[in-house]
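Secondary and tertiary structure notes
Here are the chains, one letter per residue:
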Amino acid sequence: QVQLVESGGGLVQAGGSLRLSCAASGRTFSSYAMAWFRQAPGKERDFVAAITRSGGSTYYTDSVKGRFTISRDNAKNTVYLQMNSLKPEDTAVYYCAADRTTARITGVMGVDYWGQGTQVTVSS
């Protein structure tokens, strides 16, 4: 069992930055592929970024490429999402996800664990 706790969300003006953190319980964090998703009101939960177990490979949805960076620190059991040049359309609840059975998380199907979410609001 893995528990994921997100933090770092908040209200920011367009063009600003935030760094989200997701702290994982347990001693097997490095065994999990990790990812960030987001869900805006009335919309589906969408993939944002993913990182492999070692952190050697990262993947992004097109709308955040060049602005967001996913990283992980396996010694601290934490995955991060650095978000720069934020836009109002980035407003959503951001969720951390973990999956032990895949090398790369690509979608919501098959995710083993979810965090509770953290709200990010970008004002124009």
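Because the structure is predicted, anything quoted here is derived from the model rather than measured.

Conventions used here
Positions within a chain are numbered from 1, following the residues in the order the chain's sequence is written. A pLDDT threshold of at least 70 governs which residues receive local features in this predicted model, and a stricter bar of 80 or more applies before side-chain atom pairs are shown or counted, although totals over entire chains, interfaces and linings include all residues. Water and hydrogen atoms were dropped before computing side-chain values, which therefore reflect all heavy atoms in the structure. Between Lys or Arg on one side and Asp or Glu on the other, a salt bridge is scored when a side-chain nitrogen of the former is within 4 Å of a carboxyl oxygen of the latter. Runs of E in the DSSP output that reach at least two residues are strands. Runs of H or I that reach at least four are helices, and both are numbered from the N terminus. For every residue, the accessible area obtained with a 1.4 Å probe (protein chains only) is divided by the maximum for its type, and the residue is called buried under 20%, exposed over 50%, and partly exposed between those limits. The criterion for a disulfide is a pair of cysteine sulfur atoms lying within 2.5 Å. Nonpolar cores were defined as sets of buried Ala, Val, Leu, Ile, Met, Phe, Trp, Tyr and Cys residues, with membership established by side-chain atoms within 4.5 Å. Two strands make a pair as long as DSSP finds a minimum of two bridges between them. Axis angles are defined between N-to-C directions and span 0 to 180 degrees, where every axis is a line fitted to C-alpha atoms and, for a helix, only to the segment in contact.

**Side note on the pattern of salt bridges**
Any two side chains of opposite charge can pair, given that their charged atoms come close. Scanning the entire structure with this criterion turns up 3 salt bridges. The residue Asp-90 makes a salt bridge to Arg-38 at a minimum N-O spacing of 2.9 Å. Taken as a pair, Asp-90 in the loop between strand E8 (78-83) and strand E9 (92-99) and Arg-38 in strand E4 (residues 33-39) lie far apart in primary sequence, 52 residues in all. A relative accessible area of 1% places Asp-90 in the buried class. On the accessibility criterion, Arg-38 (13% relative accessible area) is buried. One salt bridge in this structure joins Lys-65 and Asp-62, with 3.0 Å as the shortest N-O distance.

**Thoughts on the state of the cysteines**
The tally for this structure, following the rule as stated, stands at 1 disulfide. One disulfide in the model links Cys-22 with Cys-96; its S-S distance is 2.1 Å. Looking along the S-S bond of the Cys-22-Cys-96 disulfide, the torsion reads about -80 degrees, which is the left-handed sense. Taken as a pair, Cys-22 in strand E3 (residues 18-24) and Cys-96 in strand E9 lie far apart in primary sequence, 74 residues in all. This pair shows no difference in class: Cys-22 is buried, exactly as Cys-96 is.

**Focus on the nonpolar core**
Among the nonpolar cores identified, the biggest contains 28 residues, and Leu-4, Met-34, Trp-36, Val-79, Leu-81, Met-83 and Tyr-94 are the most heavily contacted of them. Secondary structure elements with two or more residues in this core: E3, E4, strand E5 (46-51), strand E7 (68-73), E8, E9 and strand E11 (118-123). Counting residues in hydrophobic clusters, the runner-up holds 7 residues, among them Ala-35, Ala-50, Ala-97 and Val-111.

**Details of the environment of Gly-26**
Its location among the elements puts Gly-26 in the loop between E3 and E4. Along the backbone, Gly-26 and Ala-97 are 71 residues apart, and their C-alpha atoms lie at a distance of 15 Å.

**Some words on the sheet that holds E3**
Taken in spatial order, the 4 strands of this open sheet run E1-E3-E8-E7, and their pairing is antiparallel. Only two strands of the sheet have a single neighbouring strand rather than two, namely strand E1 (4-7) and E7. The sheet shows a mean angle of 15 degrees between the axes of neighbouring strands, taken without regard to direction. As paired elements, E7 and E8 share 6 bridges and run antiparallel to each other. When the bridges of E8 are listed, Thr-69 appears paired with Gln-82.

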